[in-house]
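The chain contents come next:
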Amino acid sequence: MSRKLTRGFLVVVVLLSVTPAVSLAAQPADPARAYADLTAQATKLNEDVLRAQEDLVQRRAELERATSTVVAAQQIERQAKTDENDFRGQVDLITQASFEGARFNQLSALLVADSQQDFLNRLEAMRILATDRAESLARLSGAVEKARQAHQVAETARARAAEAAGAAEQLKADLDERKRVLQAQIGEVRTALTRLPAPVAAKLSDPGDRSAVGVPSGVAGLALAFALARRGDDYLYGGTGPRSWDCAGLTMKAYAAAGVAIPRTSGGQASVGRPVGRGEVRGGDLVIYYGSRSHVAMAVDNTRAVHASTEGQPVKIAPIDAIGPIAVIRRIEG
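Residues numbered from 1 in each chain as written. Predicted model: local features only at pLDDT ≥ 70, side-chain atom pairs only at ≥ 80, totals over all residues. Heavy atoms only, no water.

## Concerning the overall build of the protein
- When you go through the protein residue by residue, the secondary structure sums to nine helices and eight strands.
- Relative to its 334 residues, the protein shows a buried fraction of 35%.
- Contacts in the protein between residues at least 24 apart in sequence constitute 67% of all its contacts with a sequence separation of at least 6.
- For the protein, the accessible area works out to roughly 18,700 Å², and carbon and sulfur atoms hold 57% of it. (Helix = DSSP H or I, 4+ residues; strand = E, 2+ residues; numbered from the N terminus. Buried < 20%, exposed > 50% of the residue type's maximum accessible area, 1.4 Å probe, protein only. Contact = heavy atoms within 4.5 Å. Areas by Shrake-Rupley, 256 points an atom, 1.4 Å probe, with all protein chains shown as cover.)

This is the structure in structure tokens:
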């Protein structure tokens, strides 16, 4: 009897020790954490897509420049070949005239001359023939060299164009794949949004402080005023307005409104202007976040920034240090 009780006790202990682990494993992940993780991944993918688009634009521009160089060089080569044929004909005519007796040396000119003036005339004719032949030979040589150089330029440009075309084709394929992955990720983010508790979703969608905010003078103030006026606008991956934005799209258009062109991506914006320290931050500065430099906000003052955050959240003001780990801060003006 005691053995049965002992075995029963052991079974109960084992079941009690296993049951909590099973129930914990079966519990769903925190919806808010899942949403945050998915949006972080989508933000990084969006930045990758934008950078790939920039790379593709650059490669296509290289292809266009190389193709134009090929066309121009071929035109120069054709003209040089035409000039070469013309100058070669002139040289042939002068050479033929020499063989037919039109070219004399000074002694023969003296022997056949009828008078002193005739001698001088013959010498002048000899000088002109010699000069013409030298000039024609020089032009012929120049035309040949010009044609050779133009042909070399055309061949080099043709090789460069082929390389740029291949690179552009590869980048386009890579971009299409990145876009596909991004769209799948956006779908997951939107699904995660539907799983958030109502109070959490409501807090995320709240545009926050929309009261009047003072801005500095100059370019920074104009850019900041533009960004602040977008508070409440929707977030959109790849958005550049007029009512939907991603982070770098907003800051780019804000500075464009102030008359200053800055790159389209947050990574590109991380290299414009000049760096400033965290304690020096003032309105209009660009605050770039994460080691990947995949997010950017615009400082309102030393403690707050306005930014297009992510899917499900409108453009709003947030504490600078709460947005994420700061990678670099850039001042566009001053």
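Anyway, onward from the coordinates.
## Overview of the sheet that holds strand β3 (residues 274–275)
- Taken in spatial order, the six strands make up an open sheet running β3-β8-β4-β5-β6-β7, and their pairing is antiparallel. Among the strands making up the open sheet, the edge pair consists of β3 and β7 (316–319).
- One ladder, built from two bridges, connects β3 with strand β8 (residues 326–331); its direction is antiparallel. The residue bridging R274 from the neighbouring strand is R331, located in β8.
- Its contacts with the sheet put helix α6 (residues 218–229) on β5 (295–299), β6 (304–307) and β7, and the angle it makes with β5 is roughly 110 degrees.
- Helix α7 (residues 247–257) rests against β4 (286–289), β5 and β6 of the sheet, and its axis sits at about 40 degrees to β5. (Pairing = 2+ DSSP bridges. Axes fitted to C-alpha atoms, helices over the stretch in contact; angles between N-to-C directions.)

## Quick word on the nonpolar core
- Ranked by internal contacts, the top residues of the largest apolar core, which has 46 residues, are Y35, Y255, I262, L286, M298 and V306.
- Sequence-distant contacts of Y35, that is, excluding residues within four places in its chain, are made with V189, A192, L193, L196, L204, T310, E311, G312 and Q313. (Core = buried A, V, L, I, M, F, W, Y, C linked by side-chain atoms within 4.5 Å.)

## Considering unusual backbone geometry
- Following G241, the chain continues into P242 via a peptide bond in cis, with omega recorded as 5 degrees.
- Looking at where P242 falls in the secondary structure, it is placed in the loop between β1 (234–235) and β2 (244–245).
- Despite not being glycine, Y290 has its phi angle at roughly 70 degrees, a positive value.
- Its location among the elements puts Y290 in the loop between β4 and β5.
- Among the residues examined, Y290 registers a relative accessible area of 31% and is labelled partly exposed.
- The phi angle at R293 is positive, at roughly 55 degrees, despite the residue not being glycine.
- With respect to the secondary-structure elements, R293 resides in the loop between β4 and β5.

## Some details on the pattern of salt bridges
- The final tally for this structure, using the stated rule, is 16 salt bridges.
- One salt bridge in this structure joins R51 and E47, with 2.7 Å as the shortest N-O distance. With a gap of four residues between them, R51 and E47 both fall in helix α2 (residues 31–99), about one helical turn apart.
- Under the relative-accessibility criterion, R51 is labelled partly exposed at 27%. (Salt bridge = Lys/Arg side-chain N within 4 Å of Asp/Glu carboxyl O.)

## Some remarks on the packing of aromatic side chains
- If you walk through the whole model with that rule in mind, you get three aromatic pairs.
- When the ring of F226 is compared with that of W245, the centres are 5.9 Å apart and the planes differ by 90 degrees; the resulting orientation is edge-to-face. Note that F226 is positioned in helix α6 and W245 in strand β2, a separation of 19 residues in sequence.
- The exposure class of F226 is partly exposed, given its relative accessible area of 21%. (Phe/Tyr/Trp six-rings, centres within 6.5 Å; stacked < 30°, edge-to-face > 60°.)

## Here's the deal with the confidence of the model for the protein
- Looking at the protein, the pLDDT average stands at 81 and 74% of residues meet or exceed 70.
- Low confidence marks residues 1–28, where pLDDT is under 50. Its contacts with residues over four positions away, or in another chain, come to zero contacts.
- Confidence drops under a pLDDT of 50 for residues 100–104, and excluding neighbours within four residues, the segment shows 11 contacts in the predicted structure. (pLDDT = per-residue confidence, 0-100.)

## A closer look at the pairing of β8
- With four bridges connecting them, β4 and β8 associate as antiparallel partners. Bridge pairing links Y289 to I326 in β8.

## Examining the packing of α6 against α7
- The contact between α6 and α7 brings their axes to 8 Å, and the two run at 130 degrees. When the axis of α6 is compared with that of α7, the two are oblique. Of the two possible hands of crossing, α6 and α7 adopt the one that is right-handed. Residues V219, A220, A223, F226 and A227 of α6 touch α7, and the partners they reach there are L250, K253, A254, Y255 and A257.
- By residue class, the composition of the contact of α6 with α7 is nine nonpolar, no polar and one charged. (Parallel < 35°, antiparallel > 145°, perpendicular 65-115°, else oblique. Left-handed = near helix turned anticlockwise from the far one by under 90°. Nonpolar A, V, L, I, M, F, W, Y, C, P; charged D, E, K, R; others polar.)

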